[in-house]
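Here are the chains, one letter per residue:
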Amino acid sequence: MILNLALLLLFQLAGEVTARALSLPVPGPVIGLAALVLAFLAVPGLAGRMQPTAGGLLAHLSLLFVPAGVGVVGHLGVLGAQGGPLLLALIGSTVLAIAVGAGVFVGVQRLTGGAE
Amino acid sequence: MTEFAEIWSYLSETPLLWLAATLGAYVVGDGLSRASGRKPYVNPVLIAVVILAAILWASGTPYATYFEGAQFVHFMLGPATVALAAPLYANLSHVRRVALPLIAALLAGSITAILSALGIAWALGVRGETLLSLAPKSATAPVALGISEQIGGSPTLTAVLVILTGIIGAIVVTPLLNLLRIRDWRARGFAVGVAAHGIGTARAFQVNETAGAFAGIGMGLNAILTAILAPLVAGWISAL
């Protein structure tokens, strides 16, 4: 458990350092994620022992967005007079993006042979 | 009364109170979500945020004070993002098999998210800095804020738009894709990860492990793609 947490933090740290050193547009944790997948490929046993910690953390991923969400409430004023149009743009574009993304996924899968 | 004032002054100086309040509000939100059978509109993030915002407002507590306690929870977003490697690795054989649909859906979803948001807002009369702040709203927060700053948007406004997008995505994804009869968990998860980043991914994990893994991939890939596309689109808007 502690070793697993330490590993997650180490990969995040390595990701942050890499992102800053090479001034990449990708956030450190995403680089850490990619590096950890490579580590799993190199050391197959590692994925199994990491699973309980990762699973526990991801089961409550929603919780981790709460503090930032509370911060947003105080800033709802920045939407200002444009609040209505912005909200409509967010709802419209999110619905469209999900529908198009999922539709294209399923469509291309069928076109390319649809191997299940 | 003095006793209450003393206790309050102690509590307001330690991170304990707001850390406990954050977890407590989430337990309520998650409990309600579970009691509803994970109904999409009973969103645990939204409920916890509303409860906490009401408490902060009623007690006159500034956000900075709240965040001193809540930062421990916020901090875990980093390690949790790294932890997405585990479900991704477990689904790697699926990912290889659907590499082509994945890339096509990424491009289509990402471009649709940026252009439709800008198009709708433009049609409704939104212009300038406010419009540009909208472009990166489907990317995960740290990336979106960086992009917003780079293209001349307002990072604070973008932060609000990113969180709202996540909550909207988490609420609409299930009824929307049921309506469209798209049942493939990989397609469902991936699309919500691309369109609604981490909050959409959190919703996907509640519903299905494979959907969660694909949502995580969608979120990561769209962070990179939005960093490339948003500045291009922003340059194009400025030239209009």
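What counts and how
- Residues numbered from 1 in each chain as written.
- Chains lettered and ligands numbered in written order.
- Predicted model: local features only at pLDDT ≥ 70, side-chain atom pairs only at ≥ 80, totals over all residues.
- pLDDT = per-residue confidence, 0-100.
- Helix = DSSP H or I, 4+ residues; strand = E, 2+ residues; numbered from the N terminus.
- Domains from an automatic or database assignment.
- Core = buried A, V, L, I, M, F, W, Y, C linked by C-beta atoms within 7 Å.
- Buried ≥ 20, exposed ≤ 12 C-beta atoms within 10 Å, placed from the backbone.
- Contact = placed C-beta atoms within 7 Å.
- Expected span 1.5 Å × (residues − 1).
- Nonpolar A, V, L, I, M, F, W, Y, C, P; charged D, E, K, R; others polar.

1. So, the confidence of the model for chain A
- Chain-level statistics for chain A give a pLDDT mean of 90 and a share of 97% at 70 or above.
- Summarising per-element confidence for chain A, the mean pLDDT is lowest in helix α4 (residues 66-74) of chain A (88) and highest in helix α5 (residues 83-111) of chain A (97).

2. So, the domain arrangement of chain A
- In terms of domains, chain A is made up of domain 1 (1-59) and domain 2 (82-111).
- Between the C-alpha centres of domain 1 of chain A and domain 2 of chain A there is a distance of 30 Å.

3. Describing the nonpolar core
- In this structure, V66 and I98 of chain A together with A83, A85, F190 and A191 of chain B are the most contacted members of the largest nonpolar core, which totals 121 residues.
- With 15 residues, helix α11 (residues 155-179) of chain B is the single largest residue contributor to this core.
- Not counting the four nearest positions on each side in its chain, V66 of chain A is found in contact with T22, A25, Y26, V45, A48, V49, L52 and V73 of chain B.

4. Regarding unusual backbone geometry
Residue and element names in this part refer to chain B.
- Look at R181: it is not a glycine, yet its phi comes out positive at around 55°.
- Following the sequence through the fold, R181 ends up in the loop between α11 and α12 (185-207).
- One non-glycine residue, H197, lies in the positive phi region at around 35°.
- Looking at where H197 falls in the secondary structure, it is placed in helix α12.
- H197 sits in the buried class, given 30 other C-beta atoms within 10 Å.

5. Considerations on helix α3 (residues 44-59) of chain B
- Given a rise of 1.5 Å per residue, 16 residues ought to cover 22 Å, and the 23 Å separating the end C-alpha atoms of α3 of chain B matches this to within 8%.
- Three or more residues of α3 of chain B are buried, namely P44, V45, L46, A48, V49, L52 and A53 of chain B.
- Those residues of α3 of chain B that are buried lie in contact with α4 of chain A together with α2 (16-35), α11 and α12 of chain B.
- Count one or two residues on from α3 of chain B and you reach G60 of chain B, which has phi positive near 60°.

6. Details of the environment of A123 of chain B
Residues and elements named next belong to chain B.
- Looking at where A123 falls in the secondary structure, it is placed in helix α8 (residues 99-123).
- Owing to 12 C-beta atoms within 10 Å, A123 belongs among the exposed residues under this scheme.
- As for A123 and A53, which are separated by 70 residues in sequence, their C-alpha atoms are 32 Å apart.

7. Describing the environment of L176 of chain B
- As for its position among the elements, L176 of chain B is in helix α11.
- Taking the C-beta count within 10 Å as the criterion, L176 of chain B has 21 such neighbours and is therefore assigned buried.
- Among residues more than four places away in sequence, those in contact with L176 of chain B are V95, I98 and A99 of chain A.

8. Things to note about the domain arrangement of chain B
Residues and elements named next belong to chain B.
- Parsing chain B into structural domains produces domain 1 (2-75) and domain 2 (82-238).
- Summarising the inter-unit geometry, the C-alpha centres of domain 1 and domain 2 are found 27 Å apart.
- Taken together, the contacts link six residues of domain 1 with eight residues of domain 2.
- When the residues that make up the side of domain 1 that touches domain 2 are grouped by side-chain class, the tally is four nonpolar, one polar and one charged.

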